[in-house]
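Observations on the three-dimensional arrangement
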Amino acid sequence: MTLDIDFVRGQFPAFQEASLQGQAFFENAGGSYTCQQVIDRLTRYYTQRKVQPYAPYEASRLAGAEMDEARQRLAAMMGVETDELSFGPSTTQNTYVLAQAFRQFLQPGEAIIVTNQDHEANTGPWRRLADEGIEVREWEIDPQTGHLDPAKLETLLDEKVRLVCFPHCSNVVGEINPVTEITALSHAAGAFVCVDGVSYAPHGLPNVGDLGPDIYLFSAYKTYGPHQGMMVMRRELGALLPNQGHFFNADNLYKRFTPAGPDHAQIAASAGMVDYFDALCDHHGGPGEGATARGEFVHDLMRAHEVTLLQPLLDALKDRNDLRLLGPSEAERRAPTVALALNRPAGPVAERLAEMGIMAGGGDFYAVRALTAMGIDPEEGVLRLSFTHYTSQEEVNKLIKALDQVL
Ligand SMILES: Cc1ncc(COP(=O)(O)O)c(C=O)c1O
């Protein structure tokens, strides 16, 4: 089954928007376009339901029910229980709160493992636990390839380690890390696992229940939804970590690590993400039942399309000696988030691309540690070209042509 790209693009108003015509969008890892289903729900919420939710009057009842629906349907698609999914303002804020919980939970002398492949959001807050006497061990990437080798992790794991934090996929290296294998190694050593899925989830929602980590984070605004950070917290760990919310909410798992007042409208509108995935599933003849099966069908559909478009882009770049392609050159092994080190500042190259109708970015993308570890000056940064399943063959062709001119 191949993706019906016209159907897909029909679900995103940005592709019909006059001011965006002729612009090929290649900064999706920064934030995706929003699907119609989410926009519709957001508009409906703000026009019909913008009252305090969970009160007995009808507008309020509908508002609360829609917020519950979003959590229930997203959790089901990700293979976890409804109360194991919570919404926070952003992934950065979610990891910050989690780190506070671990600050209270861990004892001096215990250890955590972080990587230098991560976006700062899933490493900086954890590293600050060193202030509390927690030993912070760094699982380092290969300086040439950016690869995170699970064999290296094994040498860092011992009975002192309580938590291992790593990305499902880095936002500059792009390689998909073997979450199941890493989680199994960490669990066998008695450590919990926190995965940053921000750069992975837009390419197909994972079945977190199957993958196995204790915490899985991603950002809805990069996954066709509103500006929310989504956090799966498995029940066992959630009950052990000290509550960070109001004391009277401590028995509600989905409130324990989200102390900020929730953004009602955006949470409700997140149900539109599942409307969209469901529409994709039905349109392409996917399974009629089973939320995880439907999610996996959509995941595979998106991935297959992306891999097909990605390989020619990688082929056009991998052997050039005037640039360095970060991460694997085999599309199957990576997300379509392609960073190039150019040996000169990337910002001006992005500017030239913008003049040619290519929306892309240059910079460090908050992956300062990964770039530095790979010998790349974060000030110069990398040119990042990132796309998703809604990107067309024509857009990738246009990008390859434009790159030929600017590189
Ligand atoms: C891989 C990765 N992790 C975490 C984040 C932080 O997400 P948020 O903007 O929701 O805080 C980003 C944002 O760019 C990211 O790319």
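Everything that follows concerns the structure shown earlier in this document.
Residues numbered from 1 in each chain as written. Predicted model: local features only at pLDDT ≥ 70, side-chain atom pairs only at ≥ 80, totals over all residues. Heavy atoms only, no water.

Contacts to the ligand come from Ser90, Thr91, Thr92, His119, Ala121, Asn171, Asp196, Val198, Ser199, Ser219, Tyr221 and Lys222. Threonine 92 has a polar side-chain atom sitting 2.5 Å from an oxygen atom of the ligand. A distance of 2.5 Å separates a nitrogen atom of the ligand from a polar atom in the side chain of aspartate 196. Burial of the ligand by the protein chains amounts to 90% of its free accessible area of 390 Å². Assessed atom by atom at 2 Å from the grid points, the ligand resides in the second largest pocket. Residues belonging to the shell around the ligand are distributed by class as follows: 3 nonpolar, 7 polar and 2 charged. (Near = heavy atom within 4 Å. Polar contact = N/O pair within 3.5 Å; in protein donor to acceptor, adjacent residues only side chain to side chain. Areas by Shrake-Rupley, 256 points an atom, 1.4 Å probe, with all protein chains shown as cover. 1 Å grid on protein atoms, 1.4 Å probe; cavity = no way out; pocket = protein on both sides within 12 Å on 5 of 7 lines; lining within 4 Å. Sits in = over half its atoms within 2 Å of the grid points. Nonpolar A, V, L, I, M, F, W, Y, C, P; charged D, E, K, R; others polar.)

So, about a negative patch on the surface. On the surface, Asp142, Asp149, Glu154 and Glu181 cluster together into a patch of negative charge. Position of glutamate 181 among the secondary structure elements: in helix H7 (residues 179-188). (Patch = residues over 30% accessible without salt bridge, like charges linked within 9 Å, V, L, I, M, F, W, Y side chains within 5 Å. Salt bridge = Lys/Arg side-chain N within 4 Å of Asp/Glu carboxyl O. Lys, Arg positive; Asp, Glu negative; His and termini not counted. Charge placed at Lys NZ, Arg CZ, Asp CG, Glu CD. Helix = DSSP H or I, 4+ residues; strand = E, 2+ residues; numbered from the N terminus.)

A volume near 520 Å³ is recorded for the largest pocket. Tyr254, Lys255, Thr258, Ala260 and Pro262 are the residues nearest the centre of the largest pocket, which is lined by 28 residues in total. Here the residues of the lining of the largest pocket are counted per class, giving 12 nonpolar, 12 polar and 4 charged. There is about 340 Å³ of room inside the second largest pocket. Lining the second largest pocket are 23 residues; nearest its centre among them are His119, Asn171, Val198, Tyr221 and Lys222. (Points joined across faces, edges and corners; volume = space filled by probe spheres on them.)

Under the defined criterion, the tally for this structure stands at 18 aromatic pairs. The interplanar angle of 80° and the centroid separation of 6.3 Å between the aromatic rings of phenylalanine 12 and phenylalanine 15 together place this pair among those described as edge-to-face. Judged by relative accessible area, which is 0%, phenylalanine 12 ranks as buried. A relative accessible area of 16% places phenylalanine 15 in the buried class. Every member of this aromatic cluster is reached through a ring pair, and the members are Phe12, Phe15, Phe25, Tyr33, Tyr224, Tyr276, Phe277 and Tyr390. Cation over ring: arginine 9 sits above phenylalanine 15, and NZ or CZ is 3.9 Å from the ring centre. The ring centre of phenylalanine 365 lies 3.9 Å from the NZ or CZ of arginine 384, which sits over that ring. (Phe/Tyr/Trp six-rings, centres within 6.5 Å; stacked < 30°, edge-to-face > 60°. Buried < 20%, exposed > 50% of the residue type's maximum accessible area, 1.4 Å probe, protein only. Lys NZ or Arg CZ within 6 Å of the ring centre and 35° of its normal.)

Here the focus is the side chain of arginine 49. Among the structural elements, arginine 49 can be located in the loop between helix H2 (36-48) and helix H3 (58-77). A polar contact is formed between the side chain of arginine 49 and the side chain of glutamate 66, at a distance of 2.9 Å. Once residues within four sequence positions are removed from consideration, arginine 49 is found in contact with Arg44, Ala59, Leu62, Ala63 and Glu66. (Contact = heavy atoms within 4.5 Å.)

A word on the pattern of salt bridges. This structure, assessed with the given rule, holds 29 salt bridges. Across the salt bridge formed by arginine 369 and glutamate 120, the nearest N and O atoms sit 2.8 Å from each other. Note that arginine 369 is positioned in helix H15 (residues 368-373) and glutamate 120 in the loop between strand E3 (111-115) and helix H5 (124-127), a separation of 249 residues in sequence. Aspartate 404 is paired through a salt bridge with arginine 320; the nearest N and O atoms lie 3.6 Å apart. Highlighted residues: aspartate 404 in helix H16 (residues 393-406) and arginine 320 in the loop between helix H13 (291-318) and strand E9 (324-325), separated in sequence by 84 residues. Looking at aspartate 404, the relative accessible area reads 54%, which means it is exposed.

Before going further, it helps to examine empty space enclosed by the protein. In total, this model carries 1 cavity of 30 Å³ or more according to the counting rule given. Taken together, Asn28, Ala29, Val198, Ser199, Pro202, His203, Thr337, Ser386, Phe387 and Thr388 make up the full set of residues lining the largest cavity. Each residue belonging to the lining of the largest cavity can be placed in one class, and the counts come to 4 nonpolar, 6 polar and no charged.

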